[in-house]
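Residue-level listing of the chains:
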Amino acid sequence: MSETPPGTVREIRLTEVPSGLPGPEHLAVVEVPTPVPGAGEVLVRNRCFQVFPALRTLTAGGVPGAPFPPLRPGDTLFGPAVGEVVTAGDGASLRPGDLVSHFQGWRE
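In this text, all values refer to a predicted model and were calculated from it rather than measured experimentally.

Rules and cut-offs
- Residues numbered from 1 in each chain as written.
- Predicted model: local features only at pLDDT ≥ 70, side-chain atom pairs only at ≥ 80, totals over all residues.
- Heavy atoms only, no water.
- Phe/Tyr/Trp six-rings, centres within 6.5 Å; stacked < 30°, edge-to-face > 60°.
- Helix = DSSP H or I, 4+ residues; strand = E, 2+ residues; numbered from the N terminus.
- Buried < 20%, exposed > 50% of the residue type's maximum accessible area, 1.4 Å probe, protein only.
- Pairing = 2+ DSSP bridges.
- Axes fitted to C-alpha atoms, helices over the stretch in contact; angles between N-to-C directions.
- 1 Å grid on protein atoms, 1.4 Å probe; cavity = no way out; pocket = protein on both sides within 12 Å on 5 of 7 lines; lining within 4 Å.
- Points joined across faces, edges and corners; volume = space filled by probe spheres on them.
- Nonpolar A, V, L, I, M, F, W, Y, C, P; charged D, E, K, R; others polar.
- Core = buried A, V, L, I, M, F, W, Y, C linked by side-chain atoms within 4.5 Å.
- Contact = heavy atoms within 4.5 Å.

1. Considering the packing of aromatic side chains
- Taken as a whole, this structure holds seven aromatic pairs when the rule is applied.
- With centroids separated by 5.9 Å and ring planes inclined at 55°, the aromatic side chains of Phe68 and Phe78 adopt a geometry described as tilted. Here the residue Phe68 occupies a position in the loop between helix 1 (54-59) and strand 4 (81-88), and Phe78 occupies one in the loop between helix 1 and strand 4, the gap between them amounting to 10 residues.
- Relative accessible area serves as the criterion here: at 13%, Phe78 is assigned to the buried category.
- Relative to Phe103, the ring of Phe78 has its centre 5.9 Å away and its plane inclined at 50°; by these criteria the two rings are tilted.

2. Looking at the sheet that holds strand 4
- Strand order in the open sheet formed by three strands is 3-4-5, and the pairing between neighbours is antiparallel. Pairing within the sheet leaves two strands with one partner each, and these edge strands are strand 3 (42-49) and strand 5 (99-102). Mean inter-strand twist for the sheet, computed between neighbouring axes without regard to direction, equals 40°.
- Sheet analysis places strand 4 next to strand 5, joined by four bridges and oriented antiparallel. Paired with Glu84 across the strands is Leu99, a residue of strand 5.

3. Let's talk about the layout of surface pockets
- One number sums up the size of the largest pocket: a volume of about 450 Å³.
- For the lining of the largest pocket, the elements supplying multiple residues, two or more each, are strand 1 (8-14), strand 2 (27-33), strand 3 and strand 5.
- For the lining of the largest pocket, the element with the most residues is strand 3, which contributes five residues.
- Grouping the amino acids of the lining of the largest pocket by side-chain chemistry returns 13 nonpolar, four polar and five charged.

4. Topic: the nonpolar core
- One finds Leu14, Phe52, Leu55, Leu58, Leu71, Leu77, Phe78 and Trp106 forming the largest nonpolar core, which totals eight residues.
- Apart from the residues within four sequence positions on either side, Phe78 is in contact with Phe52, Leu55, Leu58, Phe68, Pro69, Leu71, Phe103, Gln104, Gly105 and Trp106.

Below, the structure written as structure tokens:
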């Protein structure tokens, strides 16, 4: 089930810290070059994202001592996601078609 990945992928990034609830005006869809997996790495296409409650706090500047860093303008939103391995680098223990969970967030 291996396939050739596209040349670019999309990410959802924070454009500015909202003063209240975040809205579409605080986010941007940005195209970036598709990463190439190195030795022991895999390229994953996300299938599902979780919008977790702490994301609201992280976009507002975070909380001192929280286990996650605050999001700054230009950062890609992150959180729990489930994806499918598209390609695997040499020595990777995962193969194309495998499903994985990760915390890399809002990216294709």
